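# Fold and contact review
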Amino acid sequence: MRVTFVVNGAEQTVDGVWEGESLLYVLRERMGLPGSKNACEQGECGSCTVYLDGVPVCACLVAAGQAAGREVRTVEGLAGPGGLDPVQEAFVEAGAVQCGFCTPGLVVQAHDLVGRVPDPSDAEIREALAGNLCRCTGYEKILDAVRLAAARKREEAAP
């Protein structure tokens, strides 16, 4: 089957997609966008999180055909022409990137949170990231990164 959708702002068409093929597989293997990671394939770890029509989803649980005619934004699509998104920068600066496997999903979830909640509490951060598992950091540096990203977004928005 042929699937046409918008990925990171550009319309893309992928041919030869089989009916049960996941959006994650199409992004990584057919489109060369390896940012979203393939870990559990059950929607439990969050490492494959992408935006689908502006809503974070686990790409491993979305059939590629379900994305037809829709907009997908991956972790690669968060960066702009001027460089990394402030959330991506904050993860690097706070040392929240260790092995890097969970990082793309955490970054997308954190990006969504700070876009919706300008000054998230620690409880709100923990709730937003509850579906993302990390085995390296102990989460404190991840929380630091989200706090830093939120503070920078507030500074950008200030008059």
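What comes next concerns the included structure.

The rules behind the values
In this convention, every chain numbers its residues from 1, walking through the sequence in written order. Confidence filtering applies because this is a predicted model: local features only for residues at pLDDT of at least 70, side-chain atom pairs given and counted only at 80 or more, and all residues used for totals across whole chains, interfaces and linings. Remark: hydrogens and water are excluded; side-chain values derive from all non-hydrogen atoms of the structure. Helix and strand definitions here come from DSSP, where helices need a minimum of 4 consecutive H or I residues and strands a minimum of 2 consecutive E residues; each element is numbered from the N-terminal end. A helix is expected to span 1.5 Å multiplied by its residue count minus one. Type-normalised accessible area, obtained with a 1.4 Å probe on protein chains alone, sets the label of each residue: buried when under 20%, exposed when over 50%, and partly exposed for intermediate values. What the arc covers is the set of directions going from the helix axis to the C-beta atoms. Only strands that DSSP links by at least two bridges are regarded as paired with each other. Where helices are involved, their axes are fitted lines through C-alpha atoms of the stretch in contact, as for all axes, and angles between N-to-C directions lie from 0 to 180°. In this analysis, two residues are considered to be in contact whenever any of their non-hydrogen atoms come within 4.5 Å of each other. Put simply, the grid is 1 Å and covers the protein atoms alone, a cavity is a trapped set of points that fit a 1.4 Å probe, a pocket is an open set with protein on both sides within 12 Å along at least five of seven lines, and lining residues have an atom within 4 Å of a point. Grid points are joined across faces, edges and corners, and a volume is the space filled by probe spheres set on the points. Reported orientations rely on four angle classes, namely roughly parallel under 35 degrees, roughly antiparallel over 145, roughly perpendicular from 65 to 115, and oblique for the rest. By convention the crossing between two helices is left-handed if the near helix lies anticlockwise of the far one by an angle smaller than a right angle, and right-handed if it lies clockwise.

### So, helix 5 (residues 140-157)
In an α-helix, one turn spans 3.6 residues; hence positions three or four apart end up facing the same way. Here helix 5 is 18 residues long and its end C-alpha atoms lie 26 Å apart, about the 26 Å a rise of 1.5 Å per residue gives. Turning to helix 5, its buried residues number three or more, namely Ile142, Leu143, Ala145, Val146, Ala149 and Ala150. For helix 5, the angular spread of the buried residues around the axis is 160 degrees, confining them to a single face.

### A short note on the sheet that holds strand 3 (residues 49-52)
One open sheet accounts for five strands, arranged 2-1-5-3-4; its pairing is mixed. The outermost strands of the open sheet, each flanked by one partner alone, are strand 2 (10-14) and strand 4 (55-58). Going across the sheet, the axis of each strand differs from the next one's by a mean of 40 degrees, ignoring polarity. Relative to strand 4, strand 3 is paired through four bridges, and the arrangement is antiparallel. When the sheet's bridge partners are listed, Thr49 is paired in strand 4 with Cys58. Taken strand by strand, helix 1 (residues 23-30) contacts strand 1 (3-7), strand 2, strand 3 and strand 5 (71-73), and its axis lies near 75 degrees from that of strand 1. Sheet strands in contact with helix 3 (residues 103-116) are strand 3, strand 4 and strand 5, and its direction is about 45 degrees off that of strand 3.

### What about empty space enclosed by the protein?
Following the criterion strictly, the structure yields one cavity of 30 Å³ or more and no others. Lining the largest cavity are 13 residues, with Cys40, Glu41, Cys45, Cys48 and Cys60 sitting closest to its centre.

### Examining the side chain of Thr74
Assignment of secondary structure puts Thr74 in the loop between strand 5 and helix 2 (86-93). Assessed through its relative accessible area of 1%, Thr74 is described here as buried. What Thr74 contacts, discounting residues up to four positions off in sequence, is Asn8, Leu27, Leu33, Ser36 and Val50.

### Quick word on the side chain of His111
Relative to the elements of secondary structure, His111 occurs in helix 3. Residue His111 is classed as buried on the basis of its relative accessible area of 10%.

### Remarks on the pairing of strand 1
Side-chain alternation along strand 1 places Val3, Phe5 and Val7 on a buried face and Thr4 and Val6 on a face that remains uncovered. Alignment of strand 1 against strand 2, held across five bridges, turns out to be antiparallel. Directly across from Val7, in strand 2, lies its bridge partner Ala10. In textbook terms, the turn of a hairpin is the stretch between consecutive antiparallel strands, and for strand 1 and strand 2 this stretch comprises two residues, one of which, Asn8, has a positive phi near 50 degrees. Note that strand 1 and strand 5 share two bridges and pair parallel. Bridge pairing in strand 5 links Val7 to Val72.

### Considering helix 1
Where helix 1 is concerned, the buried positions are Leu23, Leu24, Val26 and Leu27. Turning to helix 1, the residues buried within the fold contact strand 1, strand 2, strand 3 and strand 5. Backbone geometry just downstream of helix 1 places Gly32 in the positive-phi region, at approximately 70 degrees.

### Looking at the packing of helix 3 against helix 5
Between helix 3 and helix 5, the shortest axis-to-axis distance is 10 Å and the interhelical angle comes to 40 degrees. Judged on the interaxial angle alone, helix 5 and helix 3 are oblique. The handedness of the crossing between helix 3 and helix 5 comes out as right-handed. Contact with helix 3, carried on its side by Leu106, Ala110, His111, Leu113 and Val114, involves Ile142, Val146, Ala150 and Lys153 of helix 5 and no other residues of that element.

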